[in-house]
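The chain contents come next:
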Number of protein chains: 2
Amino acid sequence: MGRDIRIVIIEDDEIIREGYALLIGQSDGYTVVRSYASFDDAVKTIGDDSPDVILLDIELPGTNGIQAIPKLKKMLPHAYILILTVYESEKTIFDALANGASGYLTKNTAPSKIVESIREVKDGGGPMSVNIARMVIKSFQRNQESPLSKRETQILEQIADGKSRSQVAKDLFIDLETVRSHIKNIYLKLDVNSRADAIKTAKENKLI
Amino acid sequence: MGRDIRIVIIEDDEIIREGYALLIGQSDGYTVVRSYASFDDAVKTIGDDSPDVILLDIELPGTNGIQAIPKLKKMLPHAYILILTVYESEKTIFDALANGASGYLTKNTAPSKIVESIREVKDGGGPMSVNIARMVIKSFQRNQESPLSKRETQILEQIADGKSRSQVAKDLFIDLETVRSHIKNIYLKLDVNSRADAIKTAKENKLI
DNA sequence: GATGAATCACCCTTATGGGGTGACATTTTT
DNA sequence: AAAAATGTCACCCCATAAGGGTGATTCATC
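Residues numbered from 1 in each chain as written. Chains lettered and ligands numbered in written order. Predicted model: local features only at pLDDT ≥ 70, side-chain atom pairs only at ≥ 80, totals over all residues.

Colleague: What should I look at first to understand the overall build of chain A in this one?
Modeller: Along its length, chain A carries eleven helices and five strands. Against the 2.2 N^0.38 benchmark of 17 Å for 208 residues, chain A shows a C-alpha radius of gyration of 23 Å, more extended than a compact globule. Oriented by its inertia axes, the alpha-carbon framework of chain A measures out at about 70 × 35 × 30 Å. Looking at chain A as a whole, 39% of its 208 residues are labelled buried. Expressed as a percentage of contacts within chain A between residues at least 6 apart in sequence, the contacts between residues at least 24 apart total 60%. (Helix = DSSP H or I, 4+ residues; strand = E, 2+ residues; numbered from the N terminus. Rg over C-alpha atoms; globule rule 2.2 N^0.38 Å. Buried ≥ 20, exposed ≤ 12 C-beta atoms within 10 Å, placed from the backbone. Contact = placed C-beta atoms within 7 Å.)

Colleague: Is there a simple way to think about the interface of chain A and chain B in this case?
Modeller: It is common to give the size of an interface as the accessible area that goes away when the parts come together. At the junction of the two partners, chain A supplies 31 residues and chain B supplies 32 residues. Within the residue set of the side of chain A that touches chain B, elements represented by two or more residues are helix H4 (65-75), helix H5 (90-99), helix H7 (130-140), helix H8 (150-160) and helix H11 (195-204) of chain A. Ranked by residues supplied to the side of chain A that touches chain B, first place goes to H7(A) with six residues. Broken down by class, the residue content of the side of chain A that touches chain B amounts to 14 nonpolar, nine polar and eight charged. (Nonpolar A, V, L, I, M, F, W, Y, C, P; charged D, E, K, R; others polar.)

Colleague: Teacher, can you tell me more about the sheet that holds strand E4 (residues 80-85) of chain A here?
Modeller: The strands making up a sheet associate through backbone hydrogen bonding, with each pair oriented either parallel or antiparallel. All names here are of chain A. Read from one edge of the open sheet, five strands run E2-E1-E3-E4-E5, paired in parallel fashion. Each edge of the open sheet is held by one strand with a lone partner, namely strand E2 (30-36) and strand E5 (103-106). The sheet shows a mean angle of 20° between the axes of neighbouring strands, taken without regard to direction. As paired strands, E4 and E5 are joined by four bridges and run parallel to one another. If you follow Leu-84 over to E5, its bridge partner there is Leu-105. (Pairing = 2+ DSSP bridges. Axes fitted to C-alpha atoms, helices over the stretch in contact; angles between N-to-C directions.)

Colleague: Looking at this structure, I do not really get the relation of the copies chain A and chain B. What am I missing?
Modeller: To go from the first copy of the chain to the second, apply a rotation about an axis and then a shift along the same axis. In screw terms, the move from chain A to chain B is a rotation of 180° and a rise of 0.1 Å along the axis, fitting with an RMSD of 0.2 Å. In the structure described here, the two chain copies are related by an operation that fits a two-fold rotation axis. The share of interface residues of chain A whose copies in chain B are also at the interface is 100%, consistent with both copies meeting through the same surface. (Least-squares fit on C-alpha atoms with pLDDT ≥ 70 in both.)

Colleague: Would you take a moment to explain the environment of A:Val32 for this structure?
Modeller: Residues and elements named next belong to chain A. Structurally, Val-32 can be placed in strand E2. Sequence separation between Val-32 and Val-8 is 24 residues, and the spatial gap between their C-alpha atoms is 5.9 Å. Once residues within four sequence positions are removed from consideration, Val-32 is found in contact with Ile-7, Ile-9, Ala-21, Ile-24 and Gly-25.

Dropping the structure here:
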């Protein structure tokens, strides 16, 4: 076996912080190097902790968890960041993942699952709480009852990729006028009259 | 306790199919209603099976798993579809999820985890194999070393939303000429000379 | 004190976008 | 069998948008 997984905890609630430290520290193969009450607090010395995994809360005094992620990634490019929070809003979750978090757990997660997730993220996995995983998967899903036909959807996708009518026409081997015709129908169906509005409406309704 | 979870299996390899049926059928609270060797085979009678969860393979004779998903969703809107396959290519995974799959397991998944995932998907979760979850999370992550400045990224995002220069200018409360200037810099940095190419390059490199 | 970022200005030409209206053949649905 | 939708193309119109070139200013940050 290799050496212990080195863990740093950033969490403002002392009770929770110490609880996690104890829980994880007791587990075989895990070492809690240090724990901090905020990112602003951690920033000075976390570079010396060389953690493998950082357990990060979102609601923190000063720099919040979301803002902290890219800064931590810059300081410790090889550390995995695992979010541990009560926040379950879509925006928070997607912002955290976009910023570089490698996993997202809610605080009702069972202790054994937390410990397991630390190993999992270290091994290249992407641990998520059940409800988070559901939201993540849902974000991929298209609307099954689109008002647009397949061809219209395909053309709107290309429009959303920034292509001009003539580019779309070339790529689909159809006439420029045909593309125009499709776009007009798309506008009619979506009740819009510009590319920007069509893309906006389509994305809001998961048509593309 | 409620009634058993009703499961249908669609899998072309007989050994595997029977293996799953046996494994799941033995578990308390689970009933394997029926199993099929292909979607084309299932399509005639699956409507009568009223499954809660459909275990679906990707590589199938005739209609493949990806194509089958929307058809199954149309026939059985309330059934959850759980993919169980050896395929791990990004495109396959994202296509499956976009088409309406609620979970994605690879075939090396431990039997106990499969049984657990069926319950999880039924309870509104989004079960994924460890490596799948990692790919899904990675798809959200932005490139941390973007050549673009924050403002440039912001403007390129709006361009990718189909907005014209003047719309962007209005929305950001800056002059049309300033937007132009930013776009020119974006084109320079990305080495492109059109909106479409800028968006393409930016998406490929996860800059937006 | 140099570099990058963000702001704005004015030159130029061609391509693009959107509105309107209609036709015709092929699917799909009813 | 009839009706509806889909996919294809045509020609009218005009205002605006896109992209290339070049340069300047202010403000941070390093």
